[in-house]
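# A look at the structure
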Amino acid sequence: MNLLEGLDIQYARLEDDAFESCMKLGSFHAQPFGYLNGGATLAFAEIVGGMMSTAYLEQHRPDEKLMAVGQTVTAQHVNPKQSTGYLYAYGELIKHGKRTHVWSIRMVDENDQLISYITAVNAIIPRKG
């Protein structure tokens with residue numbers, strides 16, 4: 001199993017310069033007391049932010065053969081959540097430069113309670129091969 005499979009990301013949809021994604025939570029995502037591990041939240045944000053930046057590049061700069069790789073992820077975990085149910089990510093592309101994308105990502109639970117606020121920065125690089 002790789003990290004993407006372990007995280008159990010259900011879907012990721014890009015519309016213009018925003019995305020929505022969902023991750024099903026379970027014991028894989030938990031810290032020892034049963035709450036969502038902040039590292040799982042960060043991994044979710046970095047993976048889906050990179051996927052969405054790459055999809056954005058394919059739509060807006062298809063002839064350049066570019067991809068996105070994670071550069072920096074910062075988070076404020078504001079509310080605890082048991083590691084059950086779902087975590088939803090709502091991202092907005094706040095900078096789409098030639099070499100950098102910056103995503104503002106809100107992570108919320110099933111009740112729309114804010115769990116984490118994350119900024120994910122991606123470096124834009126050429127695809128090899």
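Fair warning: this is a prediction, and the values are worked out from it, not measured in the lab.

## Considering the environment of Lys81
Locating Lys81 in the fold gives a position in the loop between strand S3 (66-77) and strand S4 (86-96). On the accessibility criterion, Lys81 (9% relative accessible area) is buried. Residues Lys81 and Gly34 lie 47 residues apart in sequence; the distance between their C-alpha atoms is 8.7 Å. Among residues more than four places away in sequence, those in contact with Lys81 are Leu25, Tyr35, Leu36, Tyr86, Asp109, Glu110 and Ile115.

## Quick notes on the pairing of strand S2 (residues 18-24)
The pairing of strand S1 (residues 9-15) with S2 spans six bridges and is classified as antiparallel. Each residue of the ladder has a partner; that of Ala12, found in S2, is Ser21. In sequence, S1 turns back onto S2 through a hairpin of two residues, with Asp16 there showing a positive phi of about 55°. Of the pairings in the sheet, the one linking S2 to S4 comprises seven bridges and is antiparallel in character. From the neighbouring strand, Ser21 faces S4, where its bridge partner is Ala89.

## Structural notes on the pattern of salt bridges
Counted by the stated rule, this structure contains five salt bridges. Between Arg127 and Glu58 there is a salt bridge; the shortest N-O distance is 2.5 Å. Within this pair, whereas Arg127 is found in the segment after strand S6 (114-126), its partner Glu58 is found in helix H2 (residues 38-60), the two being separated by 69 residues in sequence. Salt-bridge contacts for Glu64 lead to Arg61; the nearest nitrogen and oxygen are separated by 3.1 Å.

## Examining unusual backbone geometry
Phi at Asp8 takes a positive value of approximately 60°, unusual for a residue other than glycine. Structurally, Asp8 can be placed in the loop between helix H1 (3-7) and S1.

## A word on the UniProt feature "domain: Thioesterase" (unreviewed entry) in the protein chain
The UniProt record marks residues 33-115 with the feature "domain: Thioesterase" (unreviewed entry), using the residue numbering of this structure. In this annotation, residues 33-115 is assigned 28% helix and 41% strand; the end-to-end C-alpha distance for the span is 17 Å.

## What to know about the packing of aromatic side chains
Under the counting rule described, the total for this entry stands at two aromatic pairs. Here Tyr86 and Tyr88 contribute two aromatic rings whose centre-to-centre distance is 6.2 Å and whose plane-to-plane angle is 35°, an arrangement assigned as tilted.

## Digging into the sheet that holds S3
Ordered by their spatial adjacency, six strands build an open sheet running S1-S2-S4-S5-S6-S3, and the pairing between neighbours is antiparallel. Each edge of the sheet is formed by a strand with only one pairing partner; in this case those strands are S1 and S3. For this sheet the average axis-to-axis angle between neighbouring strands, irrespective of direction, equals 20°. Bridge analysis of strand S5 (residues 100-108) against S6 gives nine bridges, and the strand direction is antiparallel. Looking at S6, one finds that Trp103 is bridged to Ala120. Where H2 meets the sheet, it contacts S1, S2, S3, S4, S5 and S6, and its direction lies at approximately 145° from that of S3.

Quick notes on the rules
Residues numbered from 1 in each chain as written. Predicted model: local features only at pLDDT ≥ 70, side-chain atom pairs only at ≥ 80, totals over all residues. Heavy atoms only, no water. Helix = DSSP H or I, 4+ residues; strand = E, 2+ residues; numbered from the N terminus. Buried < 20%, exposed > 50% of the residue type's maximum accessible area, 1.4 Å probe, protein only. Contact = heavy atoms within 4.5 Å. Pairing = 2+ DSSP bridges. Salt bridge = Lys/Arg side-chain N within 4 Å of Asp/Glu carboxyl O. UniProt positions renumbered as here; feature names shortened; annotations may be inferred. Phe/Tyr/Trp six-rings, centres within 6.5 Å; stacked < 30°, edge-to-face > 60°. Axes fitted to C-alpha atoms, helices over the stretch in contact; angles between N-to-C directions.

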